[in-house]
Amino acid sequence: MAKRNPTSGPKLFGFSLIHPLNLVLFFNIFVWVLLLLEGGRGIINYFFGLNPSLVIEKKMYWQVFTYGFLHVVGGDFFSSLIHIGMNMFGLFTVGFWLCRYIGGWKFLCVYLLSQLGGGLFVLSFSYIGLKTGLVPENSIWDSYHSTTVGASGGVFGVLAAFSLMFPEARFVFPPVRAKFAPWVLIGFGFSVDAYNLLQFHSSGVVSQSFFGMMSNSGHLGGAVFGLLSLLGLQKFGGKTKTPMFVRRWEKPKENQEGVIVRPKNLGDPFETQIRKNRELLSQLYGISDAKEKVNILTSIQAENTNLCPPSDYNPDDMFCLRCEWLQNCELRKLRKDHPEL
């Protein structure tokens, strides 16, 4: 009987078309196209963008979540393209690696909860700012009566989760390690807001910039909820094993005799694992008896692992060859191909 091989289906960015990461990308782009057709100022923005005054006064509570699927449309098309383009690029860049280690559906939980957290923070900050008089009503900073849209709350949540799992990874922008990246960006955004508000209260001069147009409270809420959701998934949804990265350099150290010992050049930190996996695959490909292969793989299974979806496993893929759990995926594939074992 012929069987469909899930690994041979259509893929995008290394994942199947219906992978949660691709579904999020598709849905955001789909809504953006609808907004373009509508002009960006119609019923979609009114009902689904986050306007705190409508949430509190007209009980349109769903807006604290749905705002994250909308993006700025209207006026300059290039600005609209930059808005959704930056969000989707950032989401894919960090979301790709998060999916590889915690799985697509856990990634989706982190993203959606972060989006909700960003909306709740926008709602809270706008209400508090208006009631305390810190934010002048009907000013350019009055987010209580204006509409907030964009996926950046969810993106910052994914970035914060990434920073927890890959703390030593380095970013080009900002040029810091991952564990600092979300907080540096958020801190910079709030600093710009604080400067503009102080300038307004002291001189009455309104100053605005590209960074001042960002919803920094939404970024903060997304990051906080992203961290909390990942920690919650690790505790209640099965322990997530943090990837191990070898540092490429270390400061020289002294041994017991006081002699400086310089570290060896590590080269590719995955070279040893790649060689190990290739040797294992070569050994298995030279064996015709499936039962014998199962016995070999069973004896070397890694425990407490979080494997990728079965359809993502490909022994020719460099990501899989770098993985220390390849033997688990190979055994799973073998048992799927030979259900009688």
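The residue numbers shown here count from 1 along each chain, following its written sequence. Predicted model: local features are reported for residues with pLDDT of at least 70 only, side-chain atom pairs are reported and counted for 80 or more only, and whole-chain, interface and lining totals are derived from all residues. Side-chain numbers come from the whole structure's heavy atoms, not from hydrogens or water.

The name recorded for the protein in an unreviewed UniProt entry is Rhomboid family intramembrane serine protease, from Leptospira hartskeerlii. UniProt positions are given in the numbering used here, feature names are shortened, and annotations may be inferred rather than shown by experiment. Under the UniProt heading Subcellular location (unreviewed entry), the note attached to the protein is "Membrane".

What follows covers the overall build of the protein. A helix here means a DSSP run of H or I that spans at least four residues, while a strand means a run of E at least two residues long, and both kinds are numbered starting from the N terminus. Counting its secondary structure elements, the protein contains 13 helices and four strands. Per-residue burial for the protein yields a buried fraction of 41% across its 341 residues. Any two residues having at least one pair of non-hydrogen atoms within 4.5 Å are treated as being in contact. Pairs at least 24 residues apart make up 68% of the contacts formed inside the protein by residues separated by at least 6 positions. For the protein, the accessible area works out to roughly 19,400 Å², and carbon and sulfur atoms hold 64% of it. The buried label goes to any residue with under 20% of its type's maximum accessible area, the exposed label to any with over 50%, and the partly exposed label to all in between, with areas taken from a 1.4 Å probe on protein chains only. For every accessible area listed, the method is Shrake-Rupley and the probe measures 1.4 Å; residues are considered covered only by the protein chains on display.

Let us look at the packing of aromatic side chains. Pairing of aromatic rings covers Phe, Tyr and Trp, the last counted by its six-membered ring, and requires centre-to-centre distances within 6.5 Å; plane angles under 30 degrees mean stacked, over 60 mean edge-to-face, and any other angle means tilted. Applying the stated rule across the entire model yields 17 aromatic pairs. Considering the side-chain rings of Tyr101 and Phe319, the 6.2 Å spacing of their centres and the 75° angle between planes classify their relative orientation as edge-to-face. Of this pair, Tyr101 sits in helix H5 (residues 77-102) while Phe319 sits in helix H12 (residues 318-322), and the two are 218 residues apart along the sequence. The same class applies to Tyr101 as to Phe319, namely buried. Ring centres of Phe107 and Tyr111 lie 6.4 Å apart, and the angle between their planes is 25°; on these two criteria the pair is classed as stacked.

How far a helix is expected to stretch is found by multiplying one less than its residue total by 1.5 Å. Across its 29 residues, helix H6 (residues 104-132) extends 42 Å between first and last C-alpha, which sits within 8% of the 42 Å expected from 1.5 Å per residue. Gly133 lies just past H6 and shows a positive phi near 80°.

Bringing empty space enclosed by the protein into the picture now. Think of a ball as big as a water molecule: rolled over the atoms, this probe shows where empty space is left. Definitions used throughout: a 1 Å grid over protein atoms alone; a cavity as a set of points that fits a 1.4 Å probe which cannot get out; a pocket as an open set with protein on both sides within 12 Å along at least five of seven lines; a lining residue as one with an atom within 4 Å of a point. Grid points are joined across faces, edges and corners, and a volume is the space filled by probe spheres set on the points. As enumerated under the stated definition, the model contains one cavity of 30 Å³ or more in all. What lines the largest cavity is simply Arg100, Cys308, Asp312, Tyr313, Phe319, Cys320, Cys323, Leu326 and Cys329. Mapped onto the lining of the largest cavity, the elements with two or more residues apiece are H12 and helix H13 (326-337). Split into classes, the residues belonging to the lining of the largest cavity amount to seven nonpolar, no polar and two charged. Polar here means any residue outside two lists: the nonpolar Ala, Val, Leu, Ile, Met, Phe, Trp, Tyr, Cys and Pro, and the charged Asp, Glu, Lys and Arg; Gly therefore counts as polar.

This part is about the side chain of Lys293. Within the secondary structure, Lys293 sits in helix H11 (residues 290-298). Other than its neighbours up to four places away in sequence, Lys293 contacts Leu284, Ile287 and Leu334.

Attention now moves to the UniProt feature "transmembrane region" (unreviewed entry) in the protein. UniProt records the feature "transmembrane region" (unreviewed entry) at residues 12-37, 77-98, 110-130, 150-173, 180-198 and 218-238, using the numbering of this structure. Within residues 77-98, the helical portion is 100% and the strand portion 0%, while the C-alpha atoms at the span's ends are 31 Å from each other. Helix makes up 58% of residues 150-173 and strand 0%, whereas the separation of the span's terminal C-alpha atoms amounts to 20 Å.

Let's shift gears to the side chain of Gln273. Looking at where Gln273 falls in the secondary structure, it is placed in helix H10 (residues 271-285). Residue Gln273 is classed as buried on the basis of its relative accessible area, which comes to 18%. When near neighbours in sequence (up to four residues on either side) are disregarded, Gln273 contacts Leu321, Arg322, Cys323 and Glu324.

Our focus in this paragraph is the nonpolar core. We define the nonpolar core as a collection of buried residues of types Ala, Val, Leu, Ile, Met, Phe, Trp, Tyr and Cys that are connected through side-chain atoms lying within 4.5 Å of one another. Membership of the largest hydrophobic core comes to 40 residues, with the highest contact counts inside it found for Leu91 and Phe107. No other element matches H5, which puts nine residues into this core. Note: domain ranges come from an automatic or database domain assignment. Both domain 1 (11-244) and domain 2 (270-337) contribute no fewer than three residues apiece to this core. Counting 15 residues, the second-largest nonpolar core is a separate cluster that includes Ile274, Ile296, Leu326 and Cys329.

Positive phi, normally seen in glycine, also occurs at Lys59, with a value near 60°. With respect to the helices and strands, Lys59 occurs in the loop between helix H3 (52-57) and helix H4 (63-66).

A few words on H5. Compared with the 38 Å implied by 1.5 Å per residue over 26 residues, the 36 Å span of H5 between its first and last C-alpha is a close match. The sharpest bend along H5 reaches about 35° and sits at Gly95. Two residues or fewer past H5, Gly103 is found with a positive phi of approximately 95°. The reported bend at a residue is simply the angle between two axes, fitted to the 7 residues ending at it and to the 7 residues beginning with it.

This paragraph deals with the pattern of salt bridges. A carboxyl oxygen of Asp or Glu within 4 Å of a side-chain nitrogen of Lys or Arg is what we treat as a salt bridge. According to the stated counting rule, one finds three salt bridges in the structure shown. We note a salt bridge from Asp337 to Lys333, for which the minimum N-O separation is 3.2 Å. With Asp337 and Lys333 both in helix H13 and four residues apart, the pair spans about one turn of that helix.

Our focus in this paragraph is a nonpolar patch on the surface. Residues enter patches when they are more than 30% accessible in relative terms and free of salt bridges; like-charged ones are connected within 9 Å and nonpolar ones (Val, Leu, Ile, Met, Phe, Trp, Tyr) within 5 Å. A cluster of nonpolar residues, Phe27, Ile29, Phe30, Val33, Leu34 and Leu37, forms a patch on the protein surface that exposes about 560 Å² of accessible area. Within the secondary structure layout, Leu34 lies in helix H1 (residues 20-38). The class of Leu34 is partly exposed, set by a relative accessible area of 34%.

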